[in-house]
Amino acid sequence: SSGINAEYGDEYAPGFSDSVVGYDALAPPDLERVFGLTGGNIFHGSMGLDQLFTQRPTYLTPAHTTPVSGLYLCGSSTHPGGGVMGAPGRNCSKVVIKNRRQHK
């Protein structure tokens, strides 16, 4: 056993727990110290009502754009927020492509 309850994965993927060769468990203070994530927040900002949809990270930077021409935001601080889905990067790339087509 790996010590992280990986055996629960065996129910859906037999042999999963045997494939785990190591792991790190980081608490929020560790995430802040190691990666510079303020408060250890993996989403780079709270997901309060003022941080949802196109207002993420702020209403001043809608649709992944910034006031600086050609500078786009695509991290987990942007819509739709963090996680393992990669959606902020995908959404940003679509905005970049759209903007390049408009400025040809």
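In case you missed it, the structure is sitting above this.
Here the structure is a predicted model, which means the values were calculated and not measured.

Novice: For this particular structure, what's the right way to read the overall build of the protein?
Specialist: For the protein, the helix and strand inventory stands at 4 helices and 0 strands. Counted from the first residue to the last, the protein has its helices and strands arranged as α-α-α-α. When burial is assessed residue by residue, the protein has 19% of its 104 residues classed as buried. Of all intrachain contacts in the protein linking residues separated by at least 6 positions in sequence, the fraction that spans at least 24 positions is 24%. Of the accessible surface of the protein, which amounts to about 7,700 Å², a share of 59% is contributed by carbon and sulfur atoms.

Novice: Before we go on, may I ask you to explain the state of the cysteines in this structure?
Specialist: For the structure on display, the rule yields 0 disulfides. Residue Cys-74 stays outside any disulfide, its sulfur separated by 4.8 Å from that of Cys-92, the closest cysteine. Look at Cys-92 and you get buried, because its relative accessible area is 6%.

Novice: What's the story with helix H4 (residues 87-102) in this structure? I'm lost.
Specialist: Note on helix geometry: an α-helix contains 3.6 residues per turn, so any two residues three or four positions apart are oriented the same way. The end-to-end C-alpha distance of H4 is 23 Å, a good match for the 22 Å that 16 residues give at a rise of 1.5 Å each. What H4 keeps buried is the set Ala-87, Pro-88, Cys-92, Val-95 and Asn-99. On an axial view of H4, the arc spanned by its buried residues comes to 130°, and they lie on one face. When the buried face of H4 is taken as reference, the exposed residues oriented beyond 90 degrees from it are Arg-90, Arg-100 and Arg-101.

Novice: Help me understand the environment of Arg-100, please; the structure alone is not making it clear to me.
Specialist: Assignment of secondary structure puts Arg-100 in helix H4. Since its relative accessible area comes to 61%, Arg-100 is described here as exposed. On a C-alpha basis, the gap between Arg-100 and Gly-70 in space is 9.5 Å, while along the polypeptide they are 30 residues apart.

Novice: Please explain the side chain of Thr-78 as it appears in this structure.
Specialist: With respect to the secondary-structure elements, Thr-78 resides in the loop between helix H3 (28-35) and H4. At a separation of 2.6 Å, a polar atom in the side chain of Thr-78 contacts the main-chain carbonyl oxygen of Gly-75. Beyond its immediate chain neighbours, meaning those up to four positions away, Thr-78 contacts Arg-56, Pro-57, His-64, Leu-73 and Pro-88.

Novice: Could you clarify how one ought to interpret the side chain of His-64 in this entry?
Specialist: Residue position: His-64 is located in the loop between H3 and H4. The buried category is assigned to His-64, whose relative accessible area is 7%. Separated by 2.9 Å, the side chain of His-64 and the backbone oxygen of Leu-73 make a polar contact. Within the local environment of His-64, its side chain forms a polar contact with the backbone oxygen of His-79, the two atoms lying 3.5 Å apart. Ignoring any residue separated from it by four or fewer positions in sequence, one finds His-64 in contact with Leu-71, Tyr-72, Leu-73, Cys-74, Thr-78, His-79, Pro-88, Asn-91, Cys-92 and Val-95.

Definitions and cut-offs
Residues numbered from 1 in each chain as written. Predicted model: local features only at pLDDT ≥ 70, side-chain atom pairs only at ≥ 80, totals over all residues. Heavy atoms only, no water. Helix = DSSP H or I, 4+ residues; strand = E, 2+ residues; numbered from the N terminus. Buried < 20%, exposed > 50% of the residue type's maximum accessible area, 1.4 Å probe, protein only. Contact = heavy atoms within 4.5 Å. Areas by Shrake-Rupley, 256 points an atom, 1.4 Å probe, with all protein chains shown as cover. Disulfide = S-S within 2.5 Å. Expected span 1.5 Å × (residues − 1). Arc of directions from axis to C-beta. Polar contact = N/O pair within 3.5 Å; in protein donor to acceptor, adjacent residues only side chain to side chain.

This is a description of form; function is not addressed.
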